[in-house]
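# What the coordinates show
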Amino acid sequence: AQTVTQSQPEMSVQEAETVTLSCTYDTSESDYYLFWYKQPPSRQMILVIRQEAYKQQNATENRFSVNFQKAAKSFSLKISDSQLGDAAMYFCAYKRGAQKLVFGQGTRLTINP
Amino acid sequence: GAGVSQSPRYKVAKRGQDVALRCDPISGHVSLFWYQQALGQGPEFLTYFQNEAQLDKSGLPSDRFFAERPEGSVSTLKIQRTQQEDSAVYLCASSFTGTSGGLEQFFGPGTRLTVL
C-alpha cells in the first residue's frame, strides 16, 4: 500500500522568508500524482500545487514551488516570501489515477511577524 | 452553489445514536469521496462514488458505516450506533471526472462529529 510521510510536525518561519516542508512517499507505481493541500484553522482544505510523476519539471504556482525527486520518492514544498496568510496545516498527498488521495500526517506552519 | 457543502457543520451525538451526514458536491462533478480526519491527523479515505456507483468502500472502518449516493449527486454518510472513536471531522470531496487522475478534488468544510 502507498504511504506518505511528513517528518516535520511543526515548522515556523519569519514573515517574508522562505521555508521548505518535507514529504516522502512509498509506491511501486510509476504513474501517479502528488499534491500539497493547505488547511487553515477551521477552514476547508484547498489545493496549493500538484505534480504529475511523468513530468520532470518541478511545478510552480506563484510563491509556491516543489522539489520533486522521483528516484528518491521525495516531494518537498518551498514557500517563498512567506505571508501571515500562509499559516495553516499543510498536507502532502499521493494519488494514482482516479482513486483516493493518500495523505501524510501534516505539518503545522506558523508565520512569525 | 460554487463549492462543496456539507451539513450539519457540527453534530453532537450520544453513544449509541445513529447519525446522518450530508454532502452536496459541486454540480456536474462525477466523483465523490468521503474522508475521516481525526484531530491533528491527515484525512483518511472512507469511500468513493462515481455517479451513483460506490466503487470503493475499503476505508469504511466497520459495518456501522454506510454511504449512499442514489441519484449521483447528493451523498449521505450514515453511522449507526455511534462510538466515541467515531469522533472526527468527516470531509467530503468531489471532482469533475473519474477518468483523469490529476484533476483536483474540491473539499467541503467538513462535519465535526463529537460522540459523548
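Before any of the text, the structure's been laid out above.
A few points on the structure. (Residues numbered from 1 in each chain as written. Chains lettered and ligands numbered in written order. Predicted model: local features only at pLDDT ≥ 70, side-chain atom pairs only at ≥ 80, totals over all residues. Heavy atoms only, no water.)

Here the focus is the interface of chain A and chain B. With 18 residues of chain A at the contact, the number on the chain B side is 23 residues. Together chain A and chain B conceal approximately 1,600 Å² of surface at their shared face, both sides included; 54% is due to carbon and sulfur atoms. Counting the surface chain A buries against chain B, the share from its top three residues, Gln44, Ala98 and Lys100 of chain A, is 29%. On the surface where chain A and chain B come into contact, there are 0 salt bridges. Our count for the contact surface shared by chain A and chain B stands at 4 residue pairs in polar contact (both at pLDDT 80 or more). If you list the elements that add at least two residues to the side of chain A that touches chain B, you get strand 5 (33-39), strand 6 (46-52), strand 10 (88-95) and strand 11 (101-103) of chain A. Element by element, the count of residues in the side of chain A that touches chain B is highest for strand 5 of chain A, at 4 residues. Partitioned by chemical class, the residues of the side of chain A that touches chain B number 9 nonpolar, 6 polar and 3 charged. (Contact = heavy atoms within 4.5 Å. Buried area = accessible area lost by both parts, 1.4 Å probe. Salt bridge = Lys/Arg side-chain N within 4 Å of Asp/Glu carboxyl O. Polar contact = N/O pair within 3.5 Å; in protein donor to acceptor, adjacent residues only side chain to side chain. Helix = DSSP H or I, 4+ residues; strand = E, 2+ residues; numbered from the N terminus. Nonpolar A, V, L, I, M, F, W, Y, C, P; charged D, E, K, R; others polar.)

The next point concerns the packing of aromatic side chains. Scanning all chains against the criterion turns up 15 aromatic pairs over all chains. For the ring pair Phe103 of chain A and Tyr35 of chain B, a centre distance of 5.7 Å and an interplane angle of 85° mean the geometry is edge-to-face. A residue pair is termed interchain when its members come from two chains, as with Phe103 of chain A in strand 11 and Tyr35 of chain B in strand 4 (residues 31-37). Summarising the aromatic geometry, the rings of Phe33 of chain B and Tyr35 of chain B are spaced 6.2 Å apart at their centres and angled 20° between planes, so their arrangement reads as stacked. One exposure class covers both Phe33 of chain B and Tyr35 of chain B, and it is buried. Taken together, the ring pairs in this structure connect Phe35, Tyr37, Phe91 and Phe103 of chain A together with Phe33, Tyr35, Phe45, Tyr48 and Phe107 of chain B into an aromatic cluster. (Phe/Tyr/Trp six-rings, centres within 6.5 Å; stacked < 30°, edge-to-face > 60°. Buried < 20%, exposed > 50% of the residue type's maximum accessible area, 1.4 Å probe, protein only.)

As a further point, take the nonpolar core. Counting 26 residues, the largest nonpolar core has Tyr25, Trp36, Phe75, Leu77 and Tyr90 of chain A as the members making the most contacts within it. If you list the elements that add at least two residues to this core, you get strand 3 (19-21), strand 5, strand 6, strand 8 (64-69), strand 9 (74-79), strand 10 and strand 12 (107-112) of chain A. Of the residues forming this core, the biggest block, 4 residues, is contributed by strand 10 of chain A. When near neighbours in sequence (up to four residues on either side) are disregarded, Tyr90 of chain A contacts Gln6, Leu21, Trp36, Tyr37, Lys38, Val48, Phe64, Leu77, Ile79, Gly106, Thr107 and Leu109 of chain A. Counting 20 residues, the second-largest nonpolar core is a separate cluster that includes Ala13, Val19, Ile79 and Tyr90 of chain B. (Core = buried A, V, L, I, M, F, W, Y, C linked by side-chain atoms within 4.5 Å.)

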